[in-house]
Amino acid sequence: MGRADWGYNGGRGKCSYKRTTLIICSINIAVALYVLHSLYISLYDYPYNDSQKAAKYTPDQQKKMEESIRIRKASEPTKLIEVVKQMKETFLMEEKKDDLPLHLKRRITDEILQTLRGLDANASATKQREAVEHWRMEKLKEATRLIEGKKLNSTILLEEAGLLSRALKSNWAELSEEIGLWIPVEIVNKEHDDKPEGEEDFATDILPGRQLPPECHTELHTDYDGAAVRWGLTHHKESAYDCCQACLDHAKNAKPNENKCNIWVYCPLEEGCYSPDIYEHKSGECWLKHAEKPKVNFKNKYSDSFRNSHSNVPVIVPWVSGIVSV
């Protein structure tokens, strides 16, 4: 091992490397412990000091805080809170008192079922409601008489009469729901007649085919009289438009001494049209007629006297007609 020798003031001193290393390590350990001690103190001492400082109030501040707490407590609606609590307790007690015992609910259910079984099998919902309502009113009268002290031969006990009376009178809807009583509402459909006054009592038909032009002068539910220039039993058209056009064409192509068509009569119904003759008039018949002064055979509805004197006469005239200018 090497040695180092130092001399000072005429003296001699000896220090090895090992001793020097040990001294330096000791100094480093002391410094590290000091640093750790400082960190430990800073972590726990500063928050404590801050909390101590934050918790300190002046006497004036403490007085104001106490006054604020006193005012807040004084402003609380203690009486109202107490009244509400009492009302809740009262309501709970009344609910318990008004609640029917289970055996009484079962008895009511059995009596209602027996009442409904006494009706016809095809009884309407209205009849069922009336039967149940009649039972309720009779049972309510019976309970009321018992409360009034009248002696009756009843299955209702006196202590149950008050509960039953309140349940059947004011709590009937709730009681019906509890026992599962539900009768559907019967809906009665009534036809609303919104027909204007003076309007004929039949619907305006929608004619199939092309829309008829104004020169056809179409009249629904109308049958005109006239001399036939084209026999309708053998002259069928697809639509009233075609029938009117046939009349116009006939008038245009007629010979000088030949009667020109100025009346067309068409049957638009699939089941055929009624006419007081011996023939069966089928759908699509197109009668072409001529008359100097066209005259209506039937219009809108057949009269009651005509229907009474003829058989199988419909109410409404089925034919469609028109007068054209020639």
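Look up a bit, the structure's there.
One structure accompanies this document, and this report is about it. (Residues numbered from 1 in each chain as written. Predicted model: local features only at pLDDT ≥ 70, side-chain atom pairs only at ≥ 80, totals over all residues. Heavy atoms only, no water.)

Some details on the environment of Ser-275
Line of reasoning, step 1. You can see Ser-275 is positioned in the loop between strand 5 (263–266) and strand 6 (286–299).
Line of reasoning, step 2. Overall, Ser-275 belongs to the buried group, its relative accessible area being 16%.
Line of reasoning, step 3. In sequence terms Ser-275 and Asp-223 are 52 residues apart; their C-alpha atoms lie 9.2 Å from each other.
Line of reasoning, step 4. What Ser-275 contacts, discounting residues up to four positions off in sequence, is His-281 and Trp-319. (Helix = DSSP H or I, 4+ residues; strand = E, 2+ residues; numbered from the N terminus. Buried < 20%, exposed > 50% of the residue type's maximum accessible area, 1.4 Å probe, protein only. Contact = heavy atoms within 4.5 Å.)

Notes on the nonpolar core
Generally speaking, soluble globular proteins have nonpolar side chains that are buried together.
Line of reasoning, step 1. With 19 residues, the main nonpolar core has Leu-100, Ile-108, Ile-112, Trp-135, Leu-168, Trp-172 and Leu-175 as its most contacted residues.
Line of reasoning, step 2. Breaking this core down by element, the ones donating at least two residues are helix 4 (102–117), helix 5 (125–147), helix 6 (158–169) and helix 7 (172–178).
Line of reasoning, step 3. The contacts of Leu-168, once residues within four sequence positions are left out, are Trp-135, Arg-136, Lys-139, Leu-140 and Leu-175.
Line of reasoning, step 4. In this structure, Ala-240, Cys-244, Cys-261 and Cys-286 belong to the second largest nonpolar core, which totals 15 residues. (Core = buried A, V, L, I, M, F, W, Y, C linked by side-chain atoms within 4.5 Å.)

Comments concerning a nonpolar patch on the surface
Line of reasoning, step 1. Where nonpolar side chains cluster on the molecular surface, the patch consists of Ile-23, Ile-27, Ile-29, Val-31, Leu-33, Tyr-34, Val-35, Leu-36 and Leu-39 and spans about 910 Å² of accessible area.
Line of reasoning, step 2. Relative to the elements of secondary structure, Leu-36 occurs in helix 1 (residues 17–54).
Line of reasoning, step 3. Using a relative accessible area of 55% as the deciding quantity, one classes Leu-36 as exposed. (Patch = residues over 30% accessible without salt bridge, like charges linked within 9 Å, V, L, I, M, F, W, Y side chains within 5 Å. Areas by Shrake-Rupley, 256 points an atom, 1.4 Å probe, with all protein chains shown as cover. Salt bridge = Lys/Arg side-chain N within 4 Å of Asp/Glu carboxyl O.)

Considerations on the packing of aromatic side chains
Aromatic ring pairs are reported here in terms of the distance separating the ring centres and the angle at which the planes meet.
Line of reasoning, step 1. Counting across every chain of the model gives 8 aromatic pairs.
Line of reasoning, step 2. Ring centres of Tyr-274 and Tyr-302 lie 5.6 Å apart, and the angle between their planes is 90°; this geometry places the pair in the edge-to-face category. Highlighted residues: Tyr-274 in the loop between strand 5 and strand 6 and Tyr-302 in the loop between strand 6 and helix 9 (304–309), separated in sequence by 28 residues.
Line of reasoning, step 3. When its relative accessible area of 16% is taken as the criterion, Tyr-274 is described as buried.
Line of reasoning, step 4. Tyr-302 sits in the buried class, given a relative accessible area of 4%.
Line of reasoning, step 5. Counting every residue linked through ring pairs, the aromatic cluster contains Tyr-274, Phe-298, Tyr-302 and Phe-306. (Phe/Tyr/Trp six-rings, centres within 6.5 Å; stacked < 30°, edge-to-face > 60°.)

Quick look at the packing of helix 4 against helix 5
Line of reasoning, step 1. The geometry of helix 4 relative to helix 5 is characterised by a closest axis approach of 10 Å and an angle of 135° between their N-to-C directions. With respect to their mutual orientation, helix 4 and helix 5 come out oblique. Along this stretch, helix 4 crosses helix 5, giving a crossing that reads as right-handed. Contacts between helix 4 and helix 5 involve Ile-108, Glu-111, Ile-112, Thr-115 and Leu-116 from the former and Gln-128, Ala-131, Val-132, Trp-135 and Lys-139 from the latter.
Line of reasoning, step 2. Here the residues of the contact of helix 4 with helix 5 sort into 6 nonpolar, 2 polar and 2 charged. (Axes fitted to C-alpha atoms, helices over the stretch in contact; angles between N-to-C directions. Parallel < 35°, antiparallel > 145°, perpendicular 65-115°, else oblique. Left-handed = near helix turned anticlockwise from the far one by under 90°. Nonpolar A, V, L, I, M, F, W, Y, C, P; charged D, E, K, R; others polar.)

Comments concerning the state of the cysteines
Line of reasoning, step 1. In total, this model carries 4 disulfides according to the counting rule given.
Line of reasoning, step 2. Disulfide partner of Cys-247: Cys-261, at an S-S distance of 2.0 Å. As the torsion about the S-S bond is roughly -105°, the Cys-247-Cys-261 disulfide counts as left-handed. With Cys-247 in helix 8 (residues 240–253) and Cys-261 in the loop between helix 8 and strand 5, the pair connects residues that are 14 residues apart, well separated along the chain. Side by side, Cys-247 and Cys-261 carry an identical accessibility label, which is buried.
Line of reasoning, step 3. Each disulfide pairs two cysteine sulfurs, and for Cys-267 the partner residue is Cys-273, the sulfurs being separated by 2.1 Å. Because the sign of the S-S torsion sets the handedness, a value of about 95° for the bond joining Cys-267 and Cys-273 places this disulfide among the right-handed ones. (Disulfide = S-S within 2.5 Å.)

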